[in-house]
Amino acid sequence: MNRKSLAYPYLIWAAIFIVVPLLLIVYFSFFEGGQFTLQNYEKFLEDYYIKALFRSIQLALTSTIICLVAAYPLAMILSGKQMSNKQVILLLVVLPMWMNSLLRTYAWASLLENNGVINSMLQALQLPTIKFLYGNSAVVFGMVYNFFPFMVLPIYNVLCKIDHSIVEASYDLGADKVTTFRKVILPLSMPGVITGIVMVFMPALTTFLITRLLGGGKVMLIGNIIEEQFTRTRDLAFGSAVSMILMVIVLITLTFMSKKDSLDKGGGLF
Amino acid sequence: MRENKLQKDYIIDLKNISKTFDDAEVLKDINMYIRRNEFLTLLGPSGCGKTTLLRIIGGFEEASNGQVFFEGKDIASLPPYKRKINTVFQKYALFPHMNVEENIAFGLQIKKLEKSLIKKKVKEMLELVNLKGFEKRSVDSLSGGQQQRIAIARALVNEPEVLLLDEPLGALDLKLRKGMQLELKRIQQKIGITFIYVTHDQEEALTMSDTIAVMNEGKVQQIGTPVDIYNEPKNAFIADFIGESNILPGTMIKDYLVCFHQTDFECVDAGFGENAPIDVVVRPEDIQIVDKEKGMLKGKVESVTFKGVHYEMLITTGEYTWTVHSTAMSQVGQVVGMVITPADIHIMKRR
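Residues numbered from 1 in each chain as written. Chains lettered and ligands numbered in written order. Predicted model: local features only at pLDDT ≥ 70, side-chain atom pairs only at ≥ 80, totals over all residues. Heavy atoms only, no water.

Remarks on the overall build of chain A
Moving on, step 1. Of the regular secondary structure elements, chain A holds 12 helices and two strands.
Moving on, step 2. Secondary structure of chain A in N-to-C order comes out as α-β-β-α-α-α-α-α-α-α-α-α-α-α.
Moving on, step 3. A principal-axis box enclosing the C-alpha atoms of chain A has dimensions of 70 × 70 × 40 Å.
Moving on, step 4. Within chain A, the proportion of its 270 residues that are buried is 42%.
Moving on, step 5. Across chain A, contacts joining residues at least 24 apart in sequence account for 68% of those joining residues at least 6 apart.
Moving on, step 6. Carbon and sulfur atoms provide 69% of the accessible area of chain A, an area that totals close to 15,200 Å². (Helix = DSSP H or I, 4+ residues; strand = E, 2+ residues; numbered from the N terminus. Buried < 20%, exposed > 50% of the residue type's maximum accessible area, 1.4 Å probe, protein only. Contact = heavy atoms within 4.5 Å. Areas by Shrake-Rupley, 256 points an atom, 1.4 Å probe, with all protein chains shown as cover.)

Looking at the overall build of chain B
Moving on, step 1. Broken down by element type, chain B carries eight helices and 20 strands.
Moving on, step 2. Judged by the C-alpha coordinates and their principal axes, chain B covers about 80 × 40 × 40 Å.
Moving on, step 3. Sorting the 351 residues of chain B into buried and exposed places 51% on the buried side.
Moving on, step 4. Of all intrachain contacts in chain B linking residues separated by at least 6 positions in sequence, the fraction that spans at least 24 positions is 66%.

Concerning the environment of Met208(B)
Residues and elements named next belong to chain B.
Moving on, step 1. Turning to its location among the elements, Met 208 is positioned in helix α6 (residues 202-208).
Moving on, step 2. On the basis of relative accessibility, which here comes to 1%, the residue Met 208 falls in the buried class.
Moving on, step 3. Sequence separation of Met 208 and Lys 73 is 135 residues, and the distance between their C-alpha atoms is 29 Å.
Moving on, step 4. Those residues in contact with Met 208 that lie beyond four places of it in its chain are Phe 39, Gln 181, Leu 184, Lys 185 and Tyr 197.

Some details on the interface of chain B and chain A
Moving on, step 1. Every contact between the two is made by 23 residues of chain B and, on the other side, 19 residues of chain A.
Moving on, step 2. Sorting the residues of chain B by area buried against chain A places Tyr81(B), His97(B) and Phe106(B) first, and these three jointly supply 32% of that buried surface.
Moving on, step 3. At the boundary of chain B and chain A, one finds two salt bridges.
Moving on, step 4. One salt bridge connects Asp163(A) with Lys91(B), and the closest N-O pair in it is separated by 3.8 Å.
Moving on, step 5. The tally of links between chain B and chain A comes to five residue pairs in polar contact (both at pLDDT 80 or more).
Moving on, step 6. Residue assignment for the side of chain B that touches chain A shows that the elements contributing at least two residues are β6 (85-88), α2 (100-110) and α4 (144-156) of chain B.
Moving on, step 7. Ranked by residue count, the leading element in the side of chain B that touches chain A is α2(B), at four residues.
Moving on, step 8. Of the residues in the side of chain B that touches chain A, the class split is 13 nonpolar, seven polar and three charged. (Buried area = accessible area lost by both parts, 1.4 Å probe. Salt bridge = Lys/Arg side-chain N within 4 Å of Asp/Glu carboxyl O. Polar contact = N/O pair within 3.5 Å; in protein donor to acceptor, adjacent residues only side chain to side chain. Nonpolar A, V, L, I, M, F, W, Y, C, P; charged D, E, K, R; others polar.)

What about the confidence of the model for chain A?
Residue and element names in this part refer to chain A.
Moving on, step 1. When pLDDT is averaged along chain A, the result is 83; 95% of the residues meet or exceed 70.
Moving on, step 2. Confidence, expressed as mean pLDDT per element, reaches its minimum in chain A at helix α6 (residues 117-124) with 78 and its maximum at helix α8 (residues 164-172) with 92.
Moving on, step 3. Contacts for the low-pLDDT stretch residues 265-270, under 50 throughout, to residues beyond four places or in other chains number 13 contacts. (pLDDT = per-residue confidence, 0-100.)

Describing the pairing of strand β11 (residues 246-254) of chain B
All names here are of chain B.
Moving on, step 1. Summarising the sheet, β11 and strand β14 (residues 276-282) pair through seven bridges and their orientation is antiparallel. Paired with Ile 247 across the strands is Val 281, a residue of β14.
Moving on, step 2. Across four bridges, β11 lies against strand β12 (residues 257-260) in antiparallel orientation. Residue pairing in the sheet places Met 252 in a bridge with Val 258 of β12.
Moving on, step 3. Counting the residues in the hairpin turn of β11 and β12 gives two residues, including Tyr 256, whose phi is positive at 65°. (Pairing = 2+ DSSP bridges.)

Observations concerning the domain arrangement of chain A
Residue and element names in this part refer to chain A.
Moving on, step 1. Segmenting chain A into domains produces domain 1 (1-37) and domain 2 (47-263).
Moving on, step 2. For domain 1 versus domain 2, the distance between C-alpha centres works out to 31 Å.
Moving on, step 3. Contacts between the two partners involve six residues from domain 1, matched on the other side by seven residues from domain 2.
Moving on, step 4. Carbon and sulfur atoms supply 82% of the area that domain 1 and domain 2 bury against each other, a total of about 530 Å² over both sides.
Moving on, step 5. By the criterion of area lost to domain 2, the three top residues of domain 1 are Ile 25, Phe 28 and Ser 29, representing 68% of everything that side buries. (Domains from an automatic or database assignment.)

Description of the pattern of salt bridges
All names here are of chain B.
Moving on, step 1. Using the criterion set out here, one finds 20 salt bridges over all chains in the structure.
Moving on, step 2. Residue Arg 36 is joined to Glu 161 by a salt bridge in which the shortest nitrogen-to-oxygen separation is 3.5 Å. On the criterion of sequence distance, the pair formed by Arg 36 in the loop between β2 (24-35) and β3 (39-43) and Glu 161 in the loop between α4 and β7 (162-166) is long-range, its members being 125 residues apart.
Moving on, step 3. For Glu 167, the salt bridge is made with Lys 50, and the minimal N-O distance between the two is 3.6 Å. Here Glu 167 is found in the loop between β7 and α5 (174-191), whereas its partner Lys 50 is found in helix α1 (residues 50-58), with 117 residues between them in sequence. Side by side, Glu 167 and Lys 50 carry an identical accessibility label, which is buried.
Moving on, step 4. Salt bridges linked by common partners bring Arg 36, Glu 71, Lys 84 and Glu 161 together as one network.

A few points about the domain arrangement of chain B
Residues and elements named next belong to chain B.
Moving on, step 1. Partitioning chain B into domains gives domain 1 (7-236) and domain 2 (244-349).
Moving on, step 2. Taken together, the contact between domain 1 and domain 2 spans eight residues of the former and nine residues of the latter.
Moving on, step 3. For the pairing of domain 1 and domain 2, the buried interface totals around 670 Å² over both sides, and the portion due to carbon and sulfur atoms is 47%.
Moving on, step 4. In this structure, the connection of domain 1 to domain 2 is made through zero salt bridges.
Moving on, step 5. One can count three residue pairs in polar contact (both at pLDDT 80 or more) joining domain 1 with domain 2.
Moving on, step 6. Of the residues forming the side of domain 1 that touches domain 2, the biggest block, three residues, is contributed by helix α7 (residues 226-231).
Moving on, step 7. In terms of residue class, the side of domain 1 that touches domain 2 is built from four nonpolar, two polar and two charged.

Describing the side chain of Ser18(B)
Moving on, step 1. The topology assignment puts Ser18(B) in strand β1 (residues 10-21).
Moving on, step 2. Beyond its immediate sequence surroundings of up to four residues, Ser18(B) is in contact with Leu27(B), Lys28(B), Asp29(B), Ala63(B), Ser64(B) and Asn65(B).

Observations concerning the environment of Glu168(A)
Moving on, step 1. With respect to the helices and strands, the residue Glu168(A) is situated in helix α8.
Moving on, step 2. With a relative accessible area of 6%, Glu168(A) lands in the buried category.
Moving on, step 3. Note: C-alpha distance between Glu168(A) and Thr180(A) (12 residues apart in sequence) is 9.1 Å.
Moving on, step 4. Among all residues touching Glu168(A), those that are not within four sequence positions of it are Arg55(B), Phe60(B) and Phe89(B).

Structure below.
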């Protein structure tokens, strides 16, 4: 048996579980009773859905930016050689990933509820309570919390791989710390940054779980709309059309990012 | 020995430098000066502290104790980017995200020089290192030797007073290394600045240097010209490290007369005192093979190895096995005589 034939089982698996469903979705979205139609896509142009799409992109972008701004300094500190307990901190960053995200998001919901743990404590201390839940900011918080490790790890990995003598060479040639960061460290870490952006933006764009638990049905994102079509209203055709639209957006983003990645000569994700 | 010239001739003056990492003492009270425009080599086995000393001069490491004077000013607290010193790193450390031109221009851009001037200087540098027209090449398309030249150009374009080179030829093959040795020497003479060169290769040090500082176990063992170091090694470590040597214990009977191998020899050294214990160094190429009756010493040839230019023979006299280099071959088992002329006997103080 040659090496190639080892791949056949996977090809068959991929055909049955990836290609066929995908084709079905395409079919469902374009055909109604055997008749070609664009009516499902036209329906998406309604204000309600377009708003949901833009809200999705906006929230996903916001949480990606927050993750990036918070993760880069952390990754930088962790990759520094003077850090002695970095393994512990790294473990703390990664640890939540080993738990089910549904569980973790539930936990946050009960912590942040109007009469949840935090507000009860505030009440006990005679302080005014805060309304955390059911809004855009709670959803963004959930996204940042859930996807933060996916931003830290790739940046950390790339920073660790930068040869320290390259940084020293920059100092040697007259660059101070800020200039060295700007001209050497940041450009060399771009592959990790791009991987991190993709790994946070994609799941944040498509999530419906975080919105449901922390948005309380008030924040409708594109993921929730798809979920609704398949589970509640049973409008498979429209659900498929929205899925297609989301898929196209994801593909465009990926292509854009991978092009940027190859420009930076990074050994990136794709 | 090199004569002490005027203080203002020193570009770098190291005073009582010591360095400890955790508990290991890497440098122990180093005192030395480096003259303007000289090619000085820090030579020693790995772990002798030579790279650490270079890094202290470059500003990448801080001395635990002592001062570094640069043109008379203490620069111990200056960060590397404020020193008029540039470095060629062991693994070149070129910026992988920049092409050749951007790499060389890096330092000049930070100084905010005019674009056209930068372009001109980069071009001149590429000419100096014989890589004309390489401006737009990417760094990873270059061979090791070419990357090395770019690293040198990138450092020199900043017109430093001192260039530090940390085993820059270590990764190159023998032939390329020999070529680059001459090339480096040519560049140094052409631009006329101070080179401080770190290597563990004694031949490299002898070929290129004006001055060699031999280091071992965190101390400078001897400083001198290559000829001094080779011909008048100060102790057994240096004699052994620089070239091959026969080292025997002996006694200095009086000036110009030394006894070793239970034989009295005339020599050219004086001033050790009477009946002083000393070590004697005889270089393998300084021993002449003669008929057994005519020799000062008699020995049996144990082995003969062809080394290209010469034969290397091990000749045992029973008491000591001599290493001898000769262009004429003797037969294994043959008994031969050996002659050592007074000028070829080097006396060192016993440590």
